[in-house]
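Structural overview for review
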Amino acid sequence: MSRGTAAAPDPAHATRPVGLPAITAETQESLQLIAEGITVVAGFGVGAIGIVRDERLEIVAVAGDEDARAFLTGRRTPLHLITAELEVAEDWGPLKFVPHERLLPGTEEWAWVPPSVVPDDDPEAWHPLDMLTAPLRDPDGVMRGLVSFDVPDDGRRPDARRRRLLERYADQAARAILLELEREELAAQVRLADTARRVVRGASRQRSLARILEESNEALVEGFRALGMWIQTFDEDGLGTGSTWAADGSTVVLPQGIVAIAEVSARQAWAAQQTVVVARGRLRDGLTEDERAQIVDFLDTIDVGSILFVPLGVGPDCLGNLVLTRGHADAAWTETEASAALDIGRDLGTAISNVRAFEREHRLVEELQALDQYKGQLIATVAHELKNPLTSVVGYLEMLEDEEVDTAVRAALAAIDRGARRMVRVIDDLLLLSKVDDASTPLAVRPVDLRTVAEDVVDLVGMTARKRDLTVRVDAPAYPVLALGDPDQLDRLLANLVSNAVKYTEAGRIVTVSLAREGDEAVLTCTDEGFGISAEDQERLFQEFFRSTNPAAVAQPGTGLGLAIVARIVDRHGGRIEVESELGVGSAFRVRLPAAG
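1. Some words on the nonpolar core
Ranked by size, the top nonpolar core spans 39 residues in total, and within it Leu450, Leu493, Leu494, Leu497, Val498 and Leu524 carry the most contacts. At the level of elements, helix 10 (450-467), helix 11 (487-503), strand 16 (510-518), strand 17 (521-527), helix 14 (562-572) and strand 19 (586-594) are the ones that each hand at least two residues to this core. No other element matches helix 11, which puts eight residues into this core. Discounting residues that sit within four places of it in the chain, leucine 450 has contacts with Val481, Ala483, Leu490, Leu515, Ala522 and Leu524. Leu31, Ala63, Phe97 and Ile177 belong to the second largest nonpolar core, which has 28 residues in total.

Right under this line is the structure:
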């Protein structure tokens with residue numbers, strides 16, 4: 001048989017046993033039909049087709065002789081040996097002929113020799129070690145394969161007339177073979193593009209790595225024709241997010257040495273933006289002998305032929321790796337598959353990054369909720385502990401009002417009373433804030449007539465308003481404006497708004513409470529002609545203990561809790577609050593609540 005077409009398999013690159021093709025069954029069948037056709041029409045006893053893959057020529061189809069087929073199919077020859085053979089060949093146009101006289105040293109050891117051909121002294125007789133081939137080159141001139149002929153029917157080297165016939169057959173076969181390879185590559189690209197689409201669609205909407213893997217597993221295994229897969233993630237944030245996940249979403253335990261090697265390899269591969277094929281005898285440079293031994297032992301343990309190792313990451317950060325496995329009898333990984341896998345590695349890296357961001361945000365929300373709950377419990381506890389002694393202080397002060405004391409003592413008692421009552425107001429506000437902030441405290445929700453609430457509040461602040469020479473009025477439509485809510489809390493909400501309006505409005509001006517129904521919302525608006533609120537202050541207006549930076553407003557007594565309580569009540573009722581204000585002109589607080597009826 002022709003030299004250069006039947007090298008013994010290279011152990012360092014053998015990812016499957018001899019005789020198994022690196023192409024699809026459909027493509028192999030098509031190439032086998034082509035080989036049989038050209039063998040018959042060209043008048044040769046044996047015809048073979050080899051395909052270049054991974055810098056090797058692999059025989060994928062052999063026709064005409066069962067012994068030749070059994071010996072040659074699946075054999076892989078380093079491409080540089082083929083190139084060396086072609087360099088010494090006689091140039092017959094698209095055909096290359098290497099007579100046995102130009103035999104390269106060592107070729108006899110791995111070449112197939114047809115046993116039925118007996119060497120003849122006639123110079124035109126076909127010698128068992130003669131080689132006749134037609135290199136297959138794509139439009140860019142890259143060698144994609146080789147068609148070889150052996151054992152001519154007439155036992156003679158082709159003359160000029162037969163060469164022309166062979167050239168025509170070889171040219172037709174080359175076009176058919178290249179077309180078949182293009183079809184296979186296009187089919188692989190379509191298959192892998194569909195795989196990427198399925199992976200992205202499934203992974204992008206998940207909020208856990210286990211679910212990402214569960215959604216991606218079937219698409220990846222099917223699309224890459226893999227035996228199985230797993231994903232290893234790195235613990236970048238120190239919160240235990242580094243794990244190895246099996247295809248079913250469960251965590252698996254890999255040897256610690258393999259985990260360490262994989263992490264280093266993934267970072268290097270991500271930096272180089274490339275995938276890595278791992279097989280026995282095919283290991284990346286830079287590994288120690290111990291690391292090489294660990295990898296080979298690991299491959300033996302899991303009983304796979306090869307691994308496609310894919311780094312996962314986003315931007316400059318490598319987040320982990322995806323491992324796809326194939327069996328001993330499976331095809332070699334192609335450049336198309338490696339490129340598609342790297343793209344998927346980027347997509348999965350983005351999905352993992354999003355999951356981690358979601359998990360961090362979820363943890364932060366939980367921590368903030370726990371902190372807020374603790375703060376509420378602390379406020380309630382401290383307020384309760386302070387209220388009892390303050391109640392006693394106020395009580396004793398009331399008892400002392402009827403006692404005869406000198407002027408200095410009376411002034412001191414008055415100061416104590418003012419301070420104690422101010423503390424009582426703060427404590428009452430703290431207790432109320434704790435109550436309206438407690439989600440476990442149920443709302444007594446029912447339809448509430450906001451006109452009744454507004455009139456009660458106006459009556460309550462009427463004395464204070466008259467002392468300040470203010471007019472407080474209610475502007476309501478003829479029909480009832482009903483809100484769905486807790487009457488007590490809505491009363492406190494409006495009382496706080498009106499009290500603030502009265503407090504921060506100068507004498508002789510007006511405070512208006514307006515009511516309206518707008519769609520499915522009940523709207524109440526408290527408008528004043530007071531100091532107004534700056535844009536900077538409006539951003540912090542509803543925070544606990546915030547006091548305005550306006551000196552005129554700071555001069556008024558207050559706890560800084562009134563509007564915080566208002567905001568909590570509105571929020572608990574599923575409403576919203578809007579503020580419109582201008583310094584020196586006044587403010588309008590508009591509360592929108594779910595309407596009843």
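2. Considerations on the pairing of strand 19
The element strand 19 is largely enclosed, with a buried count of eight among its nine residues. By the bridge criterion, seven bridges tie strand 17 to strand 19 in an arrangement that is antiparallel. By the bridge assignment for strand 19, valine 523 is matched with arginine 592. With antiparallel pairing between neighbouring strands as the criterion, strand 18 (residues 576-582) and strand 19 make up a hairpin whose turn holds three residues, including glycine 584 at a positive phi of roughly 80°.

3. Things to note about the sheet that holds strand 17
Strand order in the open sheet formed by five strands is 14-16-17-19-18, with mixed pairing between adjacent strands. The open sheet terminates on both sides in strands that have one partner only, identified here as strand 14 (471-475) and strand 18. Adjacent strand axes in the sheet meet at a mean angle of 15° when their direction is disregarded. Lying over the sheet, helix 11 contacts strand 14, strand 16, strand 17 and strand 19, oriented at roughly 25° with respect to strand 17.

4. What to know about the sheet that holds strand 7 (residues 143-152)
Reading across from one edge, 3-2-1-7-6-5-4 is the order of the seven strands in this open sheet, with antiparallel pairing throughout. The strands lining the two open edges of the sheet, one partner per strand, are strand 3 (76-78) and strand 4 (90-92). Averaged over all pairs of adjacent strands, the angle between their axes in this sheet comes to 30°, without regard to strand direction. By the bridge criterion, seven bridges tie strand 1 (residues 44-53) to strand 7 in an arrangement that is antiparallel. The partner of glycine 50 across the bridge, within strand 7, is leucine 146. Running at roughly 70° to strand 3, helix 3 (residues 79-87) makes contact with strand 1, strand 2 (56-63), strand 3, strand 5 (95-98), strand 6 (131-137) and strand 7 of the sheet.

5. Some words on the packing of aromatic side chains
Enumeration according to the criterion identifies six aromatic pairs in this entry. Arranged with centres 5.5 Å apart and planes meeting at 45°, the rings of phenylalanine 44 and phenylalanine 149 form a pair that is tilted. Of this pair, phenylalanine 44 sits in strand 1 while phenylalanine 149 sits in strand 7; the two residues are 105 residues apart in sequence, bridging distant segments of the chain. Here phenylalanine 149 falls in the buried class, since its relative accessible area comes to 1%. When the ring of tryptophan 230 is compared with that of phenylalanine 298, the centres are 5.9 Å apart and the planes differ by 80°; the resulting orientation is edge-to-face. Of this pair, tryptophan 230 sits in strand 8 (residues 228-233) while phenylalanine 298 is found in helix 7 (residues 289-302), placing the two residues 68 residues apart along the sequence. In textbook terms, an aromatic cluster arises when at least three aromatic residues are bridged by ring pairs, as seen for Phe44, Trp92, Phe97, Trp126 and Phe149. Geometry around phenylalanine 71 places arginine 75 over its ring, the cationic atom sitting 4.4 Å from the centre. The positively charged end of arginine 163 is found above the aromatic ring belonging to tryptophan 92, 3.8 Å away from the centroid.

6. Re helix 7
Helix length check: helix 7, at 14 residues, gives a terminal C-alpha distance of 20 Å against a target of 20 Å (1.5 Å per residue), a fit within 8%. Buried residues of helix 7: Ile295, Phe298 and Leu299, and no others. For helix 7, the angular spread of the buried residues around the axis is 100°, confining them to a single face. Exposed positions of helix 7 whose direction lies more than 90 degrees from the buried face are Glu289, Asp290 and Thr301. On its buried side, helix 7 packs onto strand 8, helix 6 (256-272), strand 10 (276-279) and strand 11 (306-314).

7. Things to note about the environment of glycine 597
In this structure, glycine 597 sits in the segment after strand 19. Counting along the chain gives 115 residues from glycine 597 to leucine 482, while the straight-line C-alpha distance between them is 7.3 Å.

8. Brief notes about a nonpolar patch on the surface
A surface patch of nonpolar side chains, amounting to about 290 Å² of accessible area, comprises Leu364, Leu368 and Leu371. In this structure, leucine 364 sits in helix 8 (residues 335-400).

Each value, and the rule that gives it
- Residue positions are counted from 1 within each chain, in the order its sequence is given.
- Per-residue local features of the predicted model are confined to residues with pLDDT of at least 70, and side-chain atom pairs are confined, for both listing and counting, to 80 or more; whole-chain, interface and lining totals are unaffected and use all residues.
- In computing side-chain properties, one takes all heavy atoms of the structure into account and sets aside hydrogens as well as water.
- The criterion is simple. A nonpolar core is a set of buried Ala, Val, Leu, Ile, Met, Phe, Trp, Tyr and Cys residues joined through side-chain atoms within 4.5 Å.
- Classification of residues uses two cut-offs on accessible area relative to the type maximum, computed with a 1.4 Å probe and protein chains only: under 20% is buried, over 50% is exposed, and between them is partly exposed.
- Strands are runs of DSSP state E lasting at least 2 residues, helices are runs of H or I lasting at least 4, and numbering of each runs from the N terminus.
- Between two residues, a contact is recorded if the distance between any of their heavy atoms is within 4.5 Å.
- Strand pairing is assigned whenever DSSP detects at least two bridges linking the two strands.
- Axes here refer to lines fitted to C-alpha atoms; in helices the fit is confined to the stretch in contact. Angles between the N-to-C directions go from 0 to 180 degrees.
- Pairing of aromatic rings covers Phe, Tyr and Trp, the last through its six-membered ring, and needs centres within 6.5 Å; plane angles under 30 degrees mean stacked, over 60 mean edge-to-face, and all others mean tilted.
- Consider the ring centre and the ring normal. A charge sits over the ring if Lys NZ or Arg CZ is within 6 Å of that centre and within 35 degrees of that normal.
- Any helix carries an expected span of 1.5 Å times its number of residues minus one.
- The directions considered for the arc run from the helix axis to the C-beta atoms.
- In this scheme, patches are assembled from residues that exceed 30% relative accessible area and form no salt bridge. Like charges are connected within 9 Å, while nonpolar side chains (Val, Leu, Ile, Met, Phe, Trp, Tyr) are connected within 5 Å.
- Here the accessible surface of atoms and residues is derived via Shrake-Rupley with a 1.4 Å probe, and residues count as covered only by protein chains that are part of the display.
- Put simply, a salt bridge is a Lys or Arg side-chain nitrogen that is within 4 Å of an Asp or Glu carboxyl oxygen.

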